[in-house]
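# Report on the structure
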Amino acid sequence: MTRAFQTIGWWCVPVLWALATQFGQMLPYADCATMHAWSAAMCFTIIGVAVAVAAVSWLQARRLTGTDRFLAWSGSLIASIFGLAVSLQGLATVVIDPCMR
């Protein structure tokens, strides 16, 4: 396996979190105008990807040794933490009316 695939939790989910933050600033206007929950759909899609990346990193760590194992496990932990952050952001988009922002 390549090092980029072993460290997918280090770079993939933080980038998705940054995208979720940016879309969280832009999509409420579209949500209010169209009365659709685009923000919530985007956040929950990113949560699904974060869970998948955390699982891939954890499964990778089981087969590796040494430094590679540490990188994969810590990537799984980082993906889980950023997934929690995106889930809290997604919960806010569900609870707060987009026209009130």
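A few points on the structure.

## Observations concerning the overall build of the protein
Within the protein, the regular secondary structure consists of four helices and zero strands. Along the chain direction, N to C, the helices and strands of the protein fall in the order α-α-α-α. Overall, the C-alpha framework of the protein stretches about 50 × 20 × 15 Å when taken along its three principal axes. Taking all 101 residues of the protein together, 35% fall into the buried category. Surface accessibility of the protein: about 6200 Å² in total, with carbon and sulfur atoms responsible for 75%.

## Details of the state of the cysteines
Enumeration according to the criterion identifies one disulfide in this entry. A sulfur-sulfur distance of 2.1 Å marks the disulfide that ties C32 to C99. Handedness of the C32-C99 disulfide follows from its S-S torsion of about 110°: it is right-handed. With C32 in helix 2 (residues 8-34) and C99 in the segment after helix 4 (66-95), the pair connects residues that are 67 residues apart, well separated along the chain. Of the residues examined, C32 reaches a relative accessible area of 27% and is grouped as partly exposed. Among the residues examined, C99 registers a relative accessible area of 38% and is labelled partly exposed. Looking at the unpaired C12, the closest cysteine sulfur is the one in C43, lying at 15 Å.

## Quick look at the nonpolar core
Counting 15 residues, the largest nonpolar core has M42, I46 and V53 as the members making the most contacts within it. Counting only elements with at least two residues in this core, the list comes to helix 2, helix 3 (38-63) and helix 4. Counting residues per element, this core draws most heavily on helix 3, which supplies seven residues. Not counting chain neighbours up to four residues away, the residues in contact with I46 comprise L16, A20 and V86.

## Considering the packing of helix 2 against helix 3
When two helices pack together, their arrangement is given by the angle between their axes and by how far apart the axes lie. As a packed pair, helix 2 and helix 3 sit with axes 7 Å apart at the nearest point and diverge in direction by 170°. It follows from the interaxial angle that helix 2 and helix 3 lie roughly antiparallel. Where helix 2 approaches helix 3, its residues I8, G9, C12, V13, L16, A20, F23, G24, L27, P28, D31 and T34 are matched on the opposing element by W38, S39, M42, I46, V49, A50, V53, V56 and S57. In terms of residue class, the contact of helix 2 with helix 3 is made up of 15 nonpolar, five polar and one charged.

## Section: a nonpolar patch on the surface
Taken together, F44, L84, L88, L91, V94, V95 and I96 make up a surface patch of nonpolar side chains, about 690 Å² in accessible area. At five residues, the largest contribution of residues to the nonpolar patch is made by helix 4. Mapped onto the secondary structure, V95 falls in helix 4.

## Overview of helix 3
For helix 3, with 26 residues, the first-to-last C-alpha span of 38 Å sits near the 38 Å given by 1.5 Å per residue. Listed as buried for helix 3 are S39, A40, M42, C43, I46, I47, A50, V53, A54, S57, Q60 and A61.

Rules behind the numbers
Residues numbered from 1 in each chain as written. Predicted model: local features only at pLDDT ≥ 70, side-chain atom pairs only at ≥ 80, totals over all residues. Heavy atoms only, no water. Helix = DSSP H or I, 4+ residues; strand = E, 2+ residues; numbered from the N terminus. Buried < 20%, exposed > 50% of the residue type's maximum accessible area, 1.4 Å probe, protein only. Areas by Shrake-Rupley, 256 points an atom, 1.4 Å probe, with all protein chains shown as cover. Disulfide = S-S within 2.5 Å. Core = buried A, V, L, I, M, F, W, Y, C linked by side-chain atoms within 4.5 Å. Contact = heavy atoms within 4.5 Å. Axes fitted to C-alpha atoms, helices over the stretch in contact; angles between N-to-C directions. Parallel < 35°, antiparallel > 145°, perpendicular 65-115°, else oblique. Nonpolar A, V, L, I, M, F, W, Y, C, P; charged D, E, K, R; others polar. Patch = residues over 30% accessible without salt bridge, like charges linked within 9 Å, V, L, I, M, F, W, Y side chains within 5 Å. Salt bridge = Lys/Arg side-chain N within 4 Å of Asp/Glu carboxyl O. Expected span 1.5 Å × (residues − 1).

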